[in-house]
Every structure is written in structure tokens, then in C-alpha cells.
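# Descriptive analysis of the structure
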Amino acid sequence: MPSKPVNGEHRGWIIPIGGAEDKETNPRILARFVELSGGADADIVVIPTASRLKDSGTRYETLFQGMGAARVEVLDFDTRRDCQEEGRLARLAEASGIFFTGGNQLRLSTILGGTQVARCIRLRNAQGVTVAGTSAGAGFLSEHMIAFGAEGSSPRASSVRLAPGLGLTNRFVIDQHFRQRDRLGRLTAALGYNPFAIGIGLDEDTAAFISPDDTLEVEGSGAVTVVDAHDLQFSSMAQADEDDPVCLLGLGVHILIAGATFNLHTRRASAGRLATRKT
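It should be emphasised that the depicted structure is a prediction, and the values quoted were computed from it without experimental measurement. (Residues numbered from 1 in each chain as written. Predicted model: local features only at pLDDT ≥ 70, side-chain atom pairs only at ≥ 80, totals over all residues. Heavy atoms only, no water.)

## Points about the side chain of Asp43
One can find Asp43 in strand β2 (residues 43-47). The residues contacting Asp43, other than those within four sequence positions of it, are Ser37, Arg71, Arg91, Glu94, Ala95, Ser96 and Gly97. (Helix = DSSP H or I, 4+ residues; strand = E, 2+ residues; numbered from the N terminus. Contact = heavy atoms within 4.5 Å.)

Spelled out as C-alpha cells, the structure:
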């Protein structure tokens, strides 16, 4: 469960990124993460556990240092035993920003899930620390995580498999590389299993900056598809065989680009700064 802020504190920003974010030409997503983590005073921990690539963490370390962060350190966790080490926990307790790289989200959930590290990160976010993740790292941030699934626009009972994620929030379920990998079917199937959550489909080079007051702001060159099952009228998920298509009536869908917002409390979308007035 998400940790709750105490003593008047505000939760930190939560930033899921759809993957393949611009790192060279216009790295506005990563630069904004550094700014929200403290800018020139930012103390960032990079967690590359999802990836099997040796340079995954060091690449982001170099990027964040180049953006002016005061301190950046790669903190990898290869086994669940690593998650019990006091030195690693102490390092997380110092950070003002925590960043999960891409890879395989099941490596994150199976290595970090239920450990002191996971509890520490939830607590730090409740205390105001910014937590971001790209690709698999994005999918892991919420309590409800898409473990894997099939491509395609139509939901089927077998389109998606869910697993517990980090649990910074239980308000949404994330899918990444959304338009590029045709993942509308598996996101809507996830909502067929759990209509409580709000589905957030992130295109590549696109992020949802979720503020402490649960307002989602879009940043990046693509779109965020918000699928809201709050007014779901009918679902055939309970009757569907594994490969059957699923009927879902009453879904709300919003397509947001940079400048648009969605409030996770009121479930209202806004054009935000896109709605310019004529003079």
C-alpha cells in the first residue's frame, strides 16, 4: 500500500515515462525530473535492476550529471539479499530523486517486491522525494503492474497478466511504448480485471508528471492515452474464455499531449495551457 504523508508533508512527484525518451536533442523529460529532484542540489539514485545491460545505470548517471545534478549514484540490486543491506538503505534515505531504468518489470517486482528497499522508496516518496521510471521502470511504479501481455487494439481475457508493483499509488495502471507497440487492448483488458484503476498509456518520449495533488501533466513529444473505467456499465470479462474478445461499455477515453492535464481525483481532463484565448 502507498505510504501516507505525515505532519503536513506533501508526497513527491511520480513520473512514469513511456520509454525511449529523448536523451540528446531535447531531453526535456529528464531535465524536468532533475529540476523536480532539486536542480543544482539534486541527489539522485539510479536503479538499473530491470535491465541486464551493464551500462544502463551509468548512462543515466552521466546524463543527470551533465544536467547539473549535484550527486548521482547507481544503486543496483541483483538479489533480494541486496535489498537488506543497511548501506544501500541509508543511501536511498539521502536521495532527493530516485530513477528506475527500463528492462523487464518482473525483475523489479521479483527482486524488490516486499523488501525493505520497496518500503523505503514508498516512504521517501511520501516524504516528498521524486520517483521516476522509464519503460519497465514506469510500469513498476504503481500498485497494479502489467507484467506482460499481447499486442493488439481489442481486449481479450488473455491480453494481459497483472502482478503487484512498487505501490507508490493505487490510482492507476501504466502501459508503456503504448502507440508504438499497439497496447490499447492489454491496457483495457487490465481495466476489465480491475475497473477501480485509471489506465495510463504512455507513448515513447512522453511522460506523465503526477504532482502531489494527483494532477497528471503531460510532457514530451507523444501522447498519453487515459482510459477511465469509473462509469463502466458492463463487462463480459467474467464470462470470457481466455482467447475471447471482451465487451466493455462505458469507458471514458482522453488523448492528452504536452500541456494537457488529468486530475486523478475528479477524473476530469483539461486542455491546460493548450487552451489559449483569442485576443
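## Comments concerning helix α4 (residues 105-112)
With 6 of 8 residues buried, α4 is to be regarded as a mostly interior element. Regarding α4, the residues found buried are Gln105, Arg107, Leu108, Ser109, Ile111 and Leu112. Buried residues along α4 sit against β4 (97-100), α5 (116-126), α6 (136-139), β6 (144-149) and β7 (160-164). (Buried < 20%, exposed > 50% of the residue type's maximum accessible area, 1.4 Å probe, protein only.)

## Some words on the packing of aromatic side chains
Inspection of every chain in the model, using the stated rule, returns 6 aromatic pairs. Relative to Phe64, the ring of Tyr60 lies with its centre 6.0 Å away and its plane at 35°, an arrangement referred to as tilted. With Tyr60 and Phe64 both in helix α2 (residues 56-66) and 4 residues apart, this pair spans about one turn of that helix. Its relative accessible area of 7% is what places Tyr60 among the buried residues. Through pairs of rings, three or more aromatic residues link up here, namely Phe33, Tyr60, Phe64 and Phe99. Its end group placed over the ring of Phe209, Arg32 keeps NZ or CZ at 4.3 Å from the ring centre. (Phe/Tyr/Trp six-rings, centres within 6.5 Å; stacked < 30°, edge-to-face > 60°. Lys NZ or Arg CZ within 6 Å of the ring centre and 35° of its normal.)

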